[in-house]
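Report on the structure
Read off the chains here:
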Amino acid sequence: MLTRVRKAWEIAESNAISERAYFSRRKWMQALGFAGAAGLLPQALQAKGTADLYPAKRNAKYTLDRPVTDERVATAYNNFYEFTLDKQRVVDMVDRFEIDPWKVKVKGLVNNPKTYDVDDLIRRFPLEERLYRFRCVETWAMAVPWTGFPMSALIREVDPQPAARFMKMVTVFRPEVMPGIVSQPHYDWPYVEALTLEEAMNELALFGTGMFGKPLPKQNGAPLRAIIPWKYGLKNIKSIVQIEFTKKRPATLWNKAVPSEYGWYSNVNPRRPHPRWSQAMDRMIPTGELRPTLLYNGYEQHVAELYKGNEF
Ligand SMILES: Nc1nc2c(c(=O)[nH]1)N[C@H]1C(S)=C(S)[C@@H](COP(=O)(O)O)O[C@H]1N2
Ligand SMILES: [Mo]
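Note that the structure is predicted; figures quoted are calculated from it, not measured. (Residues numbered from 1 in each chain as written. Chains lettered and ligands numbered in written order. Predicted model: local features only at pLDDT ≥ 70, side-chain atom pairs only at ≥ 80, totals over all residues. Heavy atoms only, no water.)

Right, let's talk about the site of ligand 1 for a bit. With respect to spatial proximity, 18 residues lie near ligand 1, and among them Tyr81, Glu82, Asn220, Arg225 and Lys238 are the closest. In the environment of ligand 1, an oxygen atom lies 2.7 Å from a nitrogen or oxygen atom belonging to the backbone of tyrosine 81. Here a nitrogen atom of ligand 1 and a side-chain polar atom of glutamate 82 are 2.8 Å apart. A majority-of-atoms criterion places ligand 1 in the second largest pocket. Residues belonging to the shell around ligand 1 are distributed by class as follows: nine nonpolar, six polar and three charged. (Near = heavy atom within 4 Å. Polar contact = N/O pair within 3.5 Å; in protein donor to acceptor, adjacent residues only side chain to side chain. 1 Å grid on protein atoms, 1.4 Å probe; cavity = no way out; pocket = protein on both sides within 12 Å on 5 of 7 lines; lining within 4 Å. Sits in = over half its atoms within 2 Å of the grid points. Nonpolar A, V, L, I, M, F, W, Y, C, P; charged D, E, K, R; others polar.)

Here it is, written out as structure tokens:
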């Protein structure tokens, strides 16, 4: 509703609407009980969104060994099981999924728990663009210019207590607009993922807010998702509404559903086959080109020290 009001207002401004139409609109607003145009303005400003932050400056430190995936492919071939298992249909099913307004609650073992409006959260930390490899556990892979901010920035602000050892993240639960939740009751919704605190503090770990120099499309997990490039795609949880710091290791959706296939860590590892397929090769979308899968998806120098072996 707020979005509609704002849009009507913007259109009226850009069309340099006639004074008469303006006054009749104002009368209409007053009739609805608004305290006149002055009362409306702060609300309109609040609903500004974050589109003006894009494109963010690219961080030159993170380079690729492969071409960036076509934007039309990366934004129309999705895993988002709350909607459907059909990767090519997610994009057509997100119309009724509203992402404004959106709150993100940070709770648990932190000194500064807080519920953020997501636009405020996104404005709080400098955004940057990074080119990362992305590898789904099903073997398909892409390369994406993500926009976001380091998880460490938010973690420092909320200030975990010494007992905090894990960071749990939860996706929004809206069965009324997410038919996959209803048709797949065997999964333990809402979608949950988690990292150790050390993993979340690693410089590679981002809260993603955009891709290809624009805000995230809904099918890719708007308005806030995890980007953990050394792990399989399933750890990159979408459309986050809650972040909780815990002492105990949180159960995660895929690991709980099929622990023999999807490890809690789910680090990319070409030497550990999935029970039903090899993990030796990346299959690039959309070309089908095969490339050897890299240990930790090629981020070994950043993350190997986090692990004793290559944790499953
Ligand atoms: N909430 C939620 N997050 C999710 C998923 C999901 O089904 N629901 N799928 C995961 C999997 S398996 C992958 S491969 C990536 C896909 O991200 P993309 O559609 O942006 O490529 O999202 C991950 N995050
Ligand atoms: Mo995946």
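With that settled, consider the layout of surface pockets. Estimates place the volume of the second largest pocket at around 400 Å³. Along the walls of the second largest pocket sit 26 residues, with Asn79, Phe80, Tyr191, Gly233 and Leu234 positioned nearest its centre. If you tally residues by element for the lining of the second largest pocket, the top one is strand 4 (residues 140-150), at three residues. Considered class by class, the residues forming the lining of the second largest pocket number 16 nonpolar, six polar and four charged. (Points joined across faces, edges and corners; volume = space filled by probe spheres on them. Helix = DSSP H or I, 4+ residues; strand = E, 2+ residues; numbered from the N terminus.)

Burial analysis of strand 6 (residues 192-196) places five of its five residues in the buried class, the great majority of the element. The side-chain alternation of strand 6 yields two buried faces, one formed by Val192, Ala194 and Thr196 and the other by Glu193 and Leu195. Relative to strand 6, strand 5 (residues 166-171) is paired through five bridges, and the arrangement is antiparallel. By the bridge assignment for strand 6, methionine 169 is matched with glutamate 193. (Buried < 20%, exposed > 50% of the residue type's maximum accessible area, 1.4 Å probe, protein only. Pairing = 2+ DSSP bridges.)

Bringing the sheet that holds strand 10 (residues 240-246) into the picture now. With mixed pairing, the five strands of this open sheet are ordered in space as 2-1-10-5-6. Pairing within the sheet leaves two strands with one partner each, and these edge strands are strand 2 (114-117) and strand 6. Each strand axis lies, on average, 15 degrees off the axis of its neighbour in the sheet, ignoring direction. Examined bridge by bridge, strand 5 and strand 10 share six bridges and lie antiparallel to one another. Residue pairing across strands places methionine 169 opposite isoleucine 243, the latter belonging to strand 10. (Axes fitted to C-alpha atoms, helices over the stretch in contact; angles between N-to-C directions.)

For the structure shown, the criterion picks out four cavities of 30 Å³ or more. Here the largest cavity is characterised by a volume of approximately 120 Å³. In this structure, the largest cavity is lined by 16 residues; those nearest its centre are Tyr232, Glu261, Arg272, Gln279 and Phe312. Along the lines of polarity and charge, the residues of the lining of the largest cavity split into five nonpolar, eight polar and three charged.

Applying the stated criterion across every chain yields a total of 19 aromatic pairs. Seen from their ring centres, tyrosine 81 and tyrosine 187 are 6.2 Å apart, and the 55 degrees between their planes marks the pair as tilted. Linking tyrosine 81 in the loop between helix 4 (71-74) and helix 5 (90-93) with tyrosine 187 in the loop between helix 8 (179-183) and strand 6, this pair joins segments that are 106 residues apart in sequence. Accessibility classification places tyrosine 81 together with tyrosine 187 in one group, the buried group. An aromatic cluster of at least three residues, connected via ring pairs, comprises Tyr81, Tyr187, Trp189, Trp254 and Tyr262. Between the NZ or CZ atom of arginine 133 and the centre of the ring of tyrosine 299, over which it lies, the distance is 4.6 Å. Between the NZ or CZ atom of arginine 272 and the centre of the ring of phenylalanine 312, over which it lies, the distance is 3.6 Å. (Phe/Tyr/Trp six-rings, centres within 6.5 Å; stacked < 30°, edge-to-face > 60°. Lys NZ or Arg CZ within 6 Å of the ring centre and 35° of its normal.)

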